[in-house]
Amino acid sequence: MRLVLLGLPGAGKGTQGELIASKYGIPHISTGHIIRQAVSAGSDLGQKANLYISGGNLVPDELMIQLVYERIREPDCTQGWILDGFPRTVHQARALDQCLAEAGAAVQMAIDIRITQEEAIKRIAQRRMCSQCGAVYHLKYYRTKGEGVCDICGGDLFRREDDNEETARKRLEVHMRQTHPVTHYYAQDGRLYSIDGVRSIDEVFADVENYLSGLVEGPDAGEVL
Ligand code: AMP
């Protein structure tokens, strides 16, 4: 199963990506999480990416495409993956399709989790993230059992630097200009599936499962990249 999750920052891509990963046993690959880890490790990629992230801009396509090509060739990806945060430009979407076509595979479904911009700003303001595994929580709607500690791995929670209101608004503007066209790209050939994201996590996931049930039974659900 090869899926991409689309939607504004705060739409719930990370949360739904984790739920899909644990139900279907395929990796949830968040490009934002990979880059944040690279930034904290001070790697070459992290140093190059840091300025873009902190300004709310996109990291250049070529860096991101290379990063994703390498990640989806790792052994845990042979039965598929869920990409969260990639593609973020039409150029990235085309490059991914080309890379997969060379291996006789394809993105099967692009799931667009839809929320309004105002809802995105509200959610981002109260979002917290695990410093170790990247799990995402919300101070009101998706709380941890222990105060400030991740339910999954026990890591400390933090507020992303780019989740401040000014950078969040910039990210939304960048999203509408550069990322929103990606939905049209997948709609052209019938791969786009939209979901109303302004509902509970369980309700959104029920719609996701409904869409995915068709794929799981399909002939091409788990071919090797
Ligand atoms: P996210 O955690 O998905 O919100 O990503 C955080 C930041 O990482 C974004 O605001 C971008 O600066 C950068 N980023 C993540 N994925 C991509 C991508 N596919 N293309 C360009 N920049 C990205």
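Refer to the structure above for everything that follows.
Small disclaimer: the values here were computed from a predicted structure and weren't measured. (Residues numbered from 1 in each chain as written. Predicted model: local features only at pLDDT ≥ 70, side-chain atom pairs only at ≥ 80, totals over all residues. Heavy atoms only, no water.)

Visitor: Whenever I open this one, the packing of helix α5 (residues 90-102) against helix α7 (residues 165-188) confuses me. Can you help?
Guide: In a pair of packed helices, the angle between the axes and the distance between the axes together describe the arrangement. Following both chains from N to C, one finds α5 and α7 inclined at 40°, their axes separated by 8 Å at the closest point. For the element pair α5 / α7, the angle class is oblique. Residues Val90, Ala93, Arg94, Leu96 and Asp97 of α5 lie in contact with α7, whose contacting residues are Gln178, Pro181, Val182, Tyr185 and Tyr186. Residues belonging to the contact of α5 with α7 are distributed by class as follows: seven nonpolar, one polar and two charged. (Axes fitted to C-alpha atoms, helices over the stretch in contact; angles between N-to-C directions. Helix = DSSP H or I, 4+ residues; strand = E, 2+ residues; numbered from the N terminus. Parallel < 35°, antiparallel > 145°, perpendicular 65-115°, else oblique. Contact = heavy atoms within 4.5 Å. Nonpolar A, V, L, I, M, F, W, Y, C, P; charged D, E, K, R; others polar.)

Visitor: I keep staring at the sheet that holds strand β6 (residues 136-138) and nothing clicks. Help me out?
Guide: Strand pairs in the sheet, formed through backbone hydrogen bonds, run parallel or antiparallel to each other. Taken together, the three strands give an open sheet; going across it, the order is β6-β5-β7, and neighbouring strands pair in antiparallel fashion. For this open sheet the edge positions go to β6 and β7 (157-158), each flanked by a neighbour on one side alone. Two elements, strand β5 (residues 127-130) and β7, share two bridges in a ladder whose sense is antiparallel. Along β7, the bridge assignment pairs Met129 with Phe158. (Pairing = 2+ DSSP bridges.)

Visitor: Looking at this structure, how should I read the pattern of salt bridges?
Guide: Two side chains that carry opposite charge are able to pair once their charged atoms sit near each other. Going through the model one piece at a time under the given rule, you end up with 20 salt bridges. Here Glu173 and Lys170 are joined by a salt bridge, their closest N and O atoms 3.8 Å apart. Of the two residues, Glu173 and Lys170 both sit in helix α7, three residues apart, roughly one turn of that helix. Owing to a relative accessible area of 28%, Lys170 belongs among the partly exposed residues under this scheme. Connected through shared salt-bridge partners, Arg127, Arg160, Asp162, Asp163 and Arg171 make up one network. (Salt bridge = Lys/Arg side-chain N within 4 Å of Asp/Glu carboxyl O. Buried < 20%, exposed > 50% of the residue type's maximum accessible area, 1.4 Å probe, protein only.)

Visitor: In this structure, what is going on with the sheet that holds strand β3 (residues 81-84)? I would like to understand it.
Guide: If you walk across this open sheet you meet the five strands as β2-β3-β1-β4-β8, and the pairing is parallel. The open sheet has two edge strands with one neighbour each: β2 (28-30) and β8 (192-196). With direction set aside, neighbouring strand axes in the sheet form an average angle of 25°. Examined bridge by bridge, strand β1 (residues 2-6) and strand β4 (residues 109-114) share four bridges and lie parallel to one another. Bridged to Leu5 within β4 is Ile111. With respect to the sheet, helix α1 (residues 13-24) is in contact with β1, β2, β3 and β4, its orientation differing from that of β1 by roughly 160°.

As far as function goes, none of this settles anything; it's purely spatial.
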